[in-house]
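Each chain, letter by letter, is given below.
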Amino acid sequence: MEGLFISMEGPDGAGKTTQIELLNKYLSEQGYEVIITREPGGTRISEAIRGIILNKDFNEMNDVTELLLYAAARAQLVAEVIKPALSSGKAVISDRFVDSSVVYQGIARGLGINTVYDVNSYALQGVMPHFTFLLDLPAEAGLARKKKQAELDRMEMQTLDFHKKVAEGYRKLAELYSDRIFMIDASLPVDTIHGIIKDRIKGMIEV
Ligand code: TYD
């Protein structure tokens, strides 16, 4: 069985975790060994880098430092987890991947889409998701969901304007890469969203 790499994207609070759990169950039933991972994180080193990136005491962090730290966490995750898993035919579901950097650092921070892909090409080693699902949600709704949860991290504490740029940036990216990125309205019922995701990947699984 060929390895399958799926990433789940969307603004903070869009419900990615629930969809990842449902997709995990579905892919396991199809015979895949499934690895679930998250960004930034997913390895010892990447989780340590995550601690630096999201630490709300580090509010002086430079945008380029932020970009490089996300890329560094990603490099370790690709080399240590994702590449080996795909090589041995497993399915990998990642809660966020390089598109998060393109949208948050490239578009919302304004570093530029191409700059972000260029920097990340070192980290990716040619690994890109087969499918990316974007759970689309207005920035206000996402933040409201998040605020009900625990304490906000450094990224969640950014202004509403920043989060609006994120939501718009994702829509732009879905248009630019419409063959890979599939946008779904995150306000739809959980089962409906899961059905849409299954329909989209069925062709690849049943080959
Ligand atoms: P996390 O708690 O994982 O967010 P969520 O639960 O919303 O997925 O925190 C990750 C934060 O980092 C989130 O605000 C998005 C941001 N981020 C970037 O800015 N660039 C990136 O490359 C990645 C992977 C995440």
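Above: the structure in question.
A brief structural summary.

### With respect to the site of the ligand
Here comes step 1: Taken together, 17 residues lie near the ligand, and D12, Y70, R96, S101 and Q105 sit nearest.
Here comes step 2: For the ligand, an oxygen atom lies 3.0 Å from a polar atom in the side chain of K16.
Here comes step 3: Separating an oxygen atom of the ligand from a side-chain N or O atom of R96 is a distance of 2.8 Å.
Here comes step 4: Look at the ligand: alone it shows 540 Å² of surface, and the protein chains cover 93% of it.
Here comes step 5: Broken down by secondary-structure element, the contributors of at least two residues to the shell around the ligand are α2 (44-54), α3 (63-87) and α4 (98-108).
Here comes step 6: Considering every element that reaches the shell around the ligand, the biggest residue donor is α4, with four residues.
Here comes step 7: The class makeup of the residues in the shell around the ligand is five nonpolar, three polar and nine charged.

### A closer look at the environment of R145
Here comes step 1: One can find R145 in helix α6 (residues 139-147).
Here comes step 2: A relative accessible area of 33% means that R145 is categorised as partly exposed.
Here comes step 3: Residues R145 and L86 lie 59 residues apart in sequence; the distance between their C-alpha atoms is 33 Å.
Here comes step 4: If we ignore the near neighbours within four places in the chain, the residues touching R145 are G13, A14, G15, L137 and A186.

### Remarks on the environment of G169
Here comes step 1: Of note, G169 is situated in helix α7 (residues 160-176).
Here comes step 2: On the basis of relative accessible area, G169 is assigned to the buried category, the value being 2%.
Here comes step 3: With 16 residues separating them along the chain, G169 and D185 place their C-alpha atoms 15 Å apart.

### Quick word on the side chain of Q19
Here comes step 1: Considering the arrangement of structural elements, one finds Q19 in helix α1 (residues 16-29).
Here comes step 2: Among the residues examined, Q19 registers a relative accessible area of 2% and is labelled buried.
Here comes step 3: Sequence-distant contacts of Q19, that is, excluding residues within four places in its chain, are made with M8, L135, V190, I193, H194 and I197.

### Some points on the pattern of salt bridges
Here comes step 1: With the rule as written, the count across this model stands at 13 salt bridges.
Here comes step 2: R38 serves as the salt-bridge partner of E47, at 2.8 Å between the closest nitrogen and oxygen.
Here comes step 3: Given the relative accessible area of 34%, R38 is considered partly exposed.
Here comes step 4: Residue R154 is joined to E66 by a salt bridge in which the shortest nitrogen-to-oxygen separation is 2.9 Å. With R154 in the loop between α6 and α7 and E66 in helix α3, this pair connects stretches of sequence that are 88 residues apart. Note on accessibility: R154 and E66 belong to one class, buried.
Here comes step 5: Linked through salt bridges whose partners overlap, the residues forming this network are D63, E66, R109 and R154.

### Focus on the sheet that holds strand β2 (residues 34-38)
Here comes step 1: If you walk across this open sheet you meet the five strands as β2-β3-β1-β4-β5, and the pairing is parallel. In this open sheet, the two strands that pair with only one neighbour each are β2 and β5 (181-185). Taking the axes of each pair of neighbouring strands and ignoring which way they run, one obtains an average angle of 20° across the sheet.
Here comes step 2: Sheet topology places β2 next to strand β3 (residues 91-95); five bridges connect them, and they run parallel. When the bridges of β3 are listed, I35 appears paired with V92.
Here comes step 3: Its contacts with the sheet place α3 against β1 (4-9), β2 and β3, and it is angled at close to 155° to β2.

### Some remarks on the nonpolar core
Here comes step 1: Counting 35 residues, the largest nonpolar core has F5, I82, F97, Y104 and V166 as its most contacted members.
Here comes step 2: At the level of secondary structure, the elements contributing two or more residues to this core comprise α2, α3, α4, α5 (113-124) and α7.
Here comes step 3: Aside from chain neighbours lying at most four places away, what touches I82 is F5, L77, V92, F97 and V127.
Here comes step 4: Judged by nonpolar contacts, the second largest core, of 22 residues, contains L4, Y32, F131 and I201.

The rules we used
- Residues numbered from 1 in each chain as written.
- Predicted model: local features only at pLDDT ≥ 70, side-chain atom pairs only at ≥ 80, totals over all residues.
- Heavy atoms only, no water.
- Near = heavy atom within 4 Å.
- Polar contact = N/O pair within 3.5 Å; in protein donor to acceptor, adjacent residues only side chain to side chain.
- Areas by Shrake-Rupley, 256 points an atom, 1.4 Å probe, with all protein chains shown as cover.
- Helix = DSSP H or I, 4+ residues; strand = E, 2+ residues; numbered from the N terminus.
- Nonpolar A, V, L, I, M, F, W, Y, C, P; charged D, E, K, R; others polar.
- Buried < 20%, exposed > 50% of the residue type's maximum accessible area, 1.4 Å probe, protein only.
- Contact = heavy atoms within 4.5 Å.
- Salt bridge = Lys/Arg side-chain N within 4 Å of Asp/Glu carboxyl O.
- Pairing = 2+ DSSP bridges.
- Axes fitted to C-alpha atoms, helices over the stretch in contact; angles between N-to-C directions.
- Core = buried A, V, L, I, M, F, W, Y, C linked by side-chain atoms within 4.5 Å.

None of the figures reported here should be taken as evidence of function without further support.
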